[in-house]
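Summary of structural features
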Number of protein chains: 8
Amino acid sequence: MPDPIVIILMGSDHDFSIMKEAGDILDSFGIPYEYSVASAHRSPQKTVDLAKTAEDRGIKVIIVGAGKAAHLAGTVAAWTTIPVLGVPIDASLGGLDALLSTVQMPEGVPVGTMGIGKSGAKNGALFAIQILAVSDPDLSLKLHQYKARLAREVDEKDRKIKENRRLSV
Amino acid sequence: MPDPIVIILMGSDHDFSIMKEAGDILDSFGIPYEYSVASAHRSPQKTVDLAKTAEDRGIKVIIVGAGKAAHLAGTVAAWTTIPVLGVPIDASLGGLDALLSTVQMPEGVPVGTMGIGKSGAKNGALFAIQILAVSDPDLSLKLHQYKARLAREVDEKDRKIKENRRLSV
Amino acid sequence: MPDPIVIILMGSDHDFSIMKEAGDILDSFGIPYEYSVASAHRSPQKTVDLAKTAEDRGIKVIIVGAGKAAHLAGTVAAWTTIPVLGVPIDASLGGLDALLSTVQMPEGVPVGTMGIGKSGAKNGALFAIQILAVSDPDLSLKLHQYKARLAREVDEKDRKIKENRRLSV
Amino acid sequence: MPDPIVIILMGSDHDFSIMKEAGDILDSFGIPYEYSVASAHRSPQKTVDLAKTAEDRGIKVIIVGAGKAAHLAGTVAAWTTIPVLGVPIDASLGGLDALLSTVQMPEGVPVGTMGIGKSGAKNGALFAIQILAVSDPDLSLKLHQYKARLAREVDEKDRKIKENRRLSV
Amino acid sequence: MPDPIVIILMGSDHDFSIMKEAGDILDSFGIPYEYSVASAHRSPQKTVDLAKTAEDRGIKVIIVGAGKAAHLAGTVAAWTTIPVLGVPIDASLGGLDALLSTVQMPEGVPVGTMGIGKSGAKNGALFAIQILAVSDPDLSLKLHQYKARLAREVDEKDRKIKENRRLSV
Amino acid sequence: MPDPIVIILMGSDHDFSIMKEAGDILDSFGIPYEYSVASAHRSPQKTVDLAKTAEDRGIKVIIVGAGKAAHLAGTVAAWTTIPVLGVPIDASLGGLDALLSTVQMPEGVPVGTMGIGKSGAKNGALFAIQILAVSDPDLSLKLHQYKARLAREVDEKDRKIKENRRLSV
Amino acid sequence: MPDPIVIILMGSDHDFSIMKEAGDILDSFGIPYEYSVASAHRSPQKTVDLAKTAEDRGIKVIIVGAGKAAHLAGTVAAWTTIPVLGVPIDASLGGLDALLSTVQMPEGVPVGTMGIGKSGAKNGALFAIQILAVSDPDLSLKLHQYKARLAREVDEKDRKIKENRRLSV
Amino acid sequence: MPDPIVIILMGSDHDFSIMKEAGDILDSFGIPYEYSVASAHRSPQKTVDLAKTAEDRGIKVIIVGAGKAAHLAGTVAAWTTIPVLGVPIDASLGGLDALLSTVQMPEGVPVGTMGIGKSGAKNGALFAIQILAVSDPDLSLKLHQYKARLAREVDEKDRKIKENRRLSV
């Protein structure tokens, strides 16, 4: 198994069902990654260690899912200069608290924030791949193919919904 | 000057005009304190050091003001077991982002959160004094006197507004 | 049974399943406490009596859970100088109404506000213990042990999620 | 000066410029009233006394303006059975906190809530008059005349805006 | 059956399960009332007729429940000078749209707004009774008895929760 | 002056500076229109009359601006079957109350809602023209020309910003 | 089957159960239409093509349903001058994100926005018919009949609720 | 002047004062970039062309600022596979509409979203640099130096605020 170049980090294993969406995308693109659980508040030293050592371990991007007062992505971003992507998780208030806690970072320490929940987790992985693809033409090609497939899937749905309509008239 | 037993912490000196409300209250109760500037995101090591050493230095309560994705109170609470009070500051969205980022802490690591802005800062100092007064009868007496004065001030305002009305009829 | 030093107050027994989280934490730290039901609006005299007599009965902290226009914590805080902790309960609008009604106190009368719901109730108890520990080194030690256990639990979750990943590859 | 039958209550004299709108309306309808300042949090005994004695003093309606965690109307309603009208005042968050704190009362203790700010204060007075008019045909007649005048004022504005348009073409 | 003096109005029979809370309270106080269904948007003439004729029919208060862009209470208030109470119903966005559409009336045409949903409906009826009691000492007495019963019910809940605690220790 | 085919309606002349944006667009397309002031709440009969007679007078579209509990567009839509466009105006809460009061119409009675404020008013006029253009090829041509001009204006801004950058390097 | 004059467009077939409400209304008025699936983000070329060719194909109105960052209606409106109606769909945050993303269009490119969800979809179809009826007296007649039926349905509900009440007394 | 590798895109030159923050950061890191103005709605072809040709022109990252229904970042992301960073601009509702319109992207097409306004623009540039630094050790070194300087600046502010306090005591 090759060394991971992406970490999918979450504050609690409760969030695994959400963040697994990110792992599945990375698997499908052949990107080696690891899951980690570390809490900004309950295991702060572990979080700091993970963030500080990531670059030297060869990690290129860290994807972070957290809910409520979601400080985890920001805390990681405070201790590293590699890109940190935040995925707000709906644990209360529809995820609005997690979104604001993740995205409203002060100047100097950005977090690239995704949408709330599963689609945000999936997009976090895709955005990590887009970042890696900046210097990897093969990966860039795969992204073009992925994008083309998205469009074909929409075409297929469009065809079906039109056919159903024809049959029902 | 006696050693401080309260820290008034803020992420930026921009927040000083807000947090000074807390200092003025502590001064009026004769509580020794210090101001500190440390950012959860821009100077994370300084923040961790401040939080980890506070208890051994004799600090009893830390009052923390921060805006936007206000992680500072939560970060400090992650590294200490002394009470941390959070004051959300309105730097955007009326302070709703700072409020949610401060108050919605995960279980295990509480932040005692005050209202948004100057009155929150003032109340942070009063709440710190209430905490100290739990084991300090003299301070408790001063709080009773303060509370009585609040009521008298309202009485005075009531008297004036009624007199103005009488004069205007 | 020793005399209680903490009151866990709620406006209705409907909120007991939430506030029991606070009681369980206090039990685990060996803090004597009592549950009370009193409504700021339906039994205001009982609420005033509870708040006014608390200090003389030896109560050190009052933890208050309430939903909607959650006035209970603020009402108690109006009549006592001991620390009052507010736990907003989601009875409508995701608990945003209860949060704002609890936290946005006017200057002079603070309520130390926790997050919405069960984790807020649990944190209310932990914060009460932090307050008591300011003058109780034994309790402070227990808090350090509790904090260390939180970190170990995260470690354990991290180990499991990494192992599952290894097995699934 | 006849005895007041309406109280216009506010938590602080800062709110007088808002609540004066209510007084001006009551003046124009010839309803005797008094202004009072009492705080639910800073002068709770005064607030309780005002609420408990109001009915016996001949007060028929209490109009209450308050901002932030606006507990004042609800606190008054807890201690009396005469109608209490709440006017949320914008002291933060556009007044949304005051609105929710005023209107989301638990079952059993209603507050008839008006809109935020000056127009809410004015409407509070009009609603008080509507309440009084339920058993006062003369007052009811005045309300009909007032309503007719509102419509005429709109007619006049409509006439002017149409004339301006004609002149500008 | 005596002629109704209160109308409980709703825009659709879907809202009956909510508004029945109001009817049950009025029944328990012996206030004659009628239910009506009329829509501000789908049956505007019926709504106008109801509002315009209410006073002459001897109606003293109209309680109106509506959801979403809840215009019904405001529309009724536009056509009558008797007090109109609004009950926002949660048909979307947690009822926030209905609350704002009901409460934020322009100056000149107030709606006395209750909280969202069932407790708001119940409170609408209680507030109607408070209005009627302004000129009805018997009804006022019943309200005092109702208020005393509310307090006793809280006492009973408090007693039970304390007993359960004692048994569980 | 030809008979108007569009009405620009507002609840108060305070809103004229906003709604004039709509008039200016209609002028530039040569669409005859009239301004009207009528309030859903203060002059309900005038509003009903305007709505009921509009179609027979040859009116094709009604553009309605209103703030707060913005019922005016919905009230007009209740009484006519011609398209009604709503422009929420920010009179409080950033216009969120007006937006929700305008857009969240019950099924059966739509209001085509625009964005908040001046750009919403301008877009209301453009949308009215789009509606008229469905059966008017000349108007449709003008819309195509307008759209092309919008794109050219962006081109021009792009050119300038690039040139400024070049000069500043 | 006659050529469609309305397109009901959605970003994903997940939204079909919502948007079918629009199709059913169009069927009941005998308006030929087609369903389409195209995504502003996953199949942008298809979306552009649909929008650019619509007018020449004889399409008069496009009804667009989308959730979250609902760009689809705005994207279509960018490429055509025929009226575009937006239906925000609740895929997160109660649909507030979709509502704001649909309605807050910049000046120059309006989207006529409906309410959130199924009633918005139904109203989208009715509003499309209102647009078509501007130049089609037969359709206008049908709308008058539809409106009359809405009122009769409310009458019927009113009759039933009054009868139930009579029976229960 | 070297060819740009970053585009700073905005929908209108009104947003230049915000987006200039991004340009200044890129200048200070020596990253060649260009400003562009293109609107998703008013100049959609220009936007599509910019997005489709960016990768072939050697652009590595696109930073996009937009307000209200901020579709621009999402539209660009639909047409390219290089990373797109979104900066919500406050043109209404405190920027909440722009934030939700930017961040809540459907799965498959991510936008890395920054905070609202100037600090978001600045962070957009820093995040672009972090992306470029993934494959550029020199740039990574500069980021480490920048991060160290941020910490030193906080140290300096801390020193000053402590000194001021000392002087004032």
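Here the structure is a predicted model, which is why all the values come from computation and not from measurement.

The rules we used
Residues numbered from 1 in each chain as written. Chains lettered and ligands numbered in written order. Predicted model: local features only at pLDDT ≥ 70, side-chain atom pairs only at ≥ 80, totals over all residues. Heavy atoms only, no water. Axes fitted to C-alpha atoms, helices over the stretch in contact; angles between N-to-C directions. Helix = DSSP H or I, 4+ residues; strand = E, 2+ residues; numbered from the N terminus. Parallel < 35°, antiparallel > 145°, perpendicular 65-115°, else oblique. Contact = heavy atoms within 4.5 Å. Nonpolar A, V, L, I, M, F, W, Y, C, P; charged D, E, K, R; others polar. Domains from an automatic or database assignment. Buried area = accessible area lost by both parts, 1.4 Å probe. Salt bridge = Lys/Arg side-chain N within 4 Å of Asp/Glu carboxyl O. Polar contact = N/O pair within 3.5 Å; in protein donor to acceptor, adjacent residues only side chain to side chain. 1 Å grid on protein atoms, 1.4 Å probe; cavity = no way out; pocket = protein on both sides within 12 Å on 5 of 7 lines; lining within 4 Å. Points joined across faces, edges and corners; volume = space filled by probe spheres on them. Buried < 20%, exposed > 50% of the residue type's maximum accessible area, 1.4 Å probe, protein only. Phe/Tyr/Trp six-rings, centres within 6.5 Å; stacked < 30°, edge-to-face > 60°. Least-squares fit on C-alpha atoms with pLDDT ≥ 70 in both.

**What to know about the packing of helix α4 (residues 96-103) of chain F against helix α4 (residues 96-103) of chain G**
Viewed as axis vectors pointing N to C, α4 of chain F and α4 of chain G meet at an angle of 90°, and their least axial separation amounts to 12 Å. Between α4 of chain F and α4 of chain G, the angle falls in the class roughly perpendicular. Side by side, α4 of chain F and α4 of chain G meet where Leu99, Leu100 and Val103 of chain F of the first sit next to Leu99, Leu100 and Val103 of chain G of the second. Looking at the contact of α4 of chain F with α4 of chain G residue by residue, the classes come out as six nonpolar, no polar and no charged.

**A word on the domain arrangement of chain A**
Residues and elements named next belong to chain A. For chain A, the assigned domains are domain 1 (6-135) and domain 2 (137-169). Each of domain 1 and domain 2 was reduced to a C-alpha centroid, and the two centroids are 29 Å apart. Of the residues lining the interface, 10 residues belong to domain 1; the matching set on domain 2 comes to six residues. Roughly 670 Å² of surface becomes buried between domain 1 and domain 2 when both sides are summed, with 80% attributable to carbon and sulfur atoms. Area buried by domain 1 at its contact with domain 2 is led by Phe29, Leu126 and Ala133, which between them contribute 64% of it. Run the count over domain 1 and domain 2 and you get zero salt bridges. Across the contact surface, domain 1 and domain 2 share one residue pair in polar contact (both at pLDDT 80 or more).

**A few points about the layout of surface pockets**
In this structure, the largest pocket occupies an estimated 1100 Å³ of space. Forming the boundary of the largest pocket are 32 residues, of which Leu96 of chain A, Leu96 of chain B, Leu96 of chain D, Leu96 of chain F together with Leu96 of chain H lie nearest the centre. Looking at the lining of the largest pocket, the elements that each hand over two or more residues are α4 (96-103) of chain A, α4 (96-103) of chain B, α4 (96-103) of chain C, α4 (96-103) of chain D, α4 (96-103) of chain E, α4 of chain F, α4 of chain G together with α4 (96-103) of chain H. Looking at the lining of the largest pocket, its residues break down into 24 nonpolar, eight polar and no charged. Reported here for the second largest pocket is a volume of approximately 760 Å³. Lining the second largest pocket are 37 residues, with Ser12, His14 and Arg42 of chain G together with Pro106 and Glu107 of chain H positioned closest to its centre. Of all the secondary structure elements, the ones that give two or more residues to the lining of the second largest pocket are α5 (118-133) and α6 (137-168) of chain A together with β3 (61-67) of chain G. Counting residues per element, the lining of the second largest pocket draws most heavily on α6 of chain A, at six residues. For the lining of the second largest pocket, a count of residues per class yields 13 nonpolar, 13 polar and 11 charged.

**What about the pattern of salt bridges?**
For the coordinates displayed, the defined rule picks out 83 salt bridges over all chains. The partner of Arg57 of chain E in a salt bridge is Glu34 of chain E, and the shortest N-O contact between them spans 3.1 Å. In this pair, Arg57 of chain E is assigned in the loop between α2 (44-54) and β3 (61-67) and Glu34 of chain E in strand β2 (residues 33-37), connecting sequence segments 23 residues apart. On the basis of relative accessibility, which here comes to 35%, the residue Arg57 of chain E falls in the partly exposed class. Two residues, Glu107 of chain F and Lys122 of chain G, come together in a salt bridge whose shortest N-O distance is 3.0 Å. Of this pair, Glu107 of chain F sits in the loop between α4 and β5 (112-113) while Lys122 of chain G sits in helix α5 (residues 118-133), each in a different chain. Of the residues examined, Lys122 of chain G reaches a relative accessible area of 18% and is grouped as buried. Overlapping salt bridges bring together Lys46 of chain A together with Asp155, Asp158 and Lys162 of chain C as one network.

**Thoughts on unusual backbone geometry**
Located in the positive-phi region is Leu93 of chain D, a residue other than glycine, with phi close to 55°. Inspection of the secondary structure assignment puts Leu93 of chain D in the loop between β4 (84-89) and α4.

**Here we look at the packing of aromatic side chains**
Residues and elements named next belong to chain H. Under the counting rule described, the total for this entry stands at 24 aromatic pairs over all chains. Geometrically, the ring pair formed by Phe29 and Tyr146 is tilted, given 5.6 Å between the ring centres and 55° between the ring planes. Placement of the pair is Phe29 in helix α1 (residues 16-29) and Tyr146 in helix α6 (residues 137-168), with a sequence separation of 117 residues. Note on accessibility: Phe29 and Tyr146 belong to one class, buried.

**So, the interface of chain F and chain D**
The interface is formed by 18 residues belonging to chain F together with 17 residues belonging to chain D. Of the roughly 1500 Å² buried between chain F and chain D, counting both surfaces, carbon and sulfur atoms make up 64%. In this structure, Asp158 of chain D and Lys46 of chain F form a salt bridge, with 3.0 Å as the shortest nitrogen-oxygen distance. Summed over the shared surface of chain F and chain D, the result is eight residue pairs in polar contact (both at pLDDT 80 or more). Taken together, the elements giving at least two residues each to the side of chain F that touches chain D come down to α1 (16-29) and β2 (33-37) of chain F. Grouping the constituent residues of the side of chain F that touches chain D by class yields eight nonpolar, four polar and six charged.

**Considering the relation of the copies chain F and chain D**
Both copies of the chain are tied together by a single rotation about an axis and a shift running along it. Here chain F sits on chain D after a turn of 90° about the axis and a move of 0.0 Å along it, with an RMSD of 0.0 Å. Within this description, the copies of the chain are treated as partners about a four-fold rotation axis.

**A short note on the interface of chain H and chain A**
Residue-level contacts link 42 residues of chain H with 42 residues of chain A. Here chain H and chain A share an interface that buries about 3500 Å² over both sides, 60% of which is from carbon and sulfur atoms. Considering only the side of chain H, the residues that lose the most area to chain A are Thr81, Pro110 and Lys147 of chain H, jointly responsible for 18% of the buried surface there. Counting across the chain H and chain A interface gives two salt bridges. Taken together, the connections running from chain H to chain A amount to 24 residue pairs in polar contact (both at pLDDT 80 or more). Looking at the side of chain H that touches chain A, the elements with two or more residues in it are α3 (72-78), β4 (84-89), α4, β5 (112-113), α5 (118-133) and α6 of chain H. Here the residues of the side of chain H that touches chain A sort into 24 nonpolar, 13 polar and five charged.

**Looking at the environment of Lys142 of chain F**
Residues and elements named next belong to chain F. Tracing the chain through its elements places Lys142 in helix α6 (residues 137-168). Between the alpha carbons of Lys142 and Leu132 there is a distance of 12 Å; along the sequence they are 10 residues apart. Polar contacts involving the side chain of Lys142 include one to the main-chain carbonyl oxygen of Phe29, which spans 3.4 Å.

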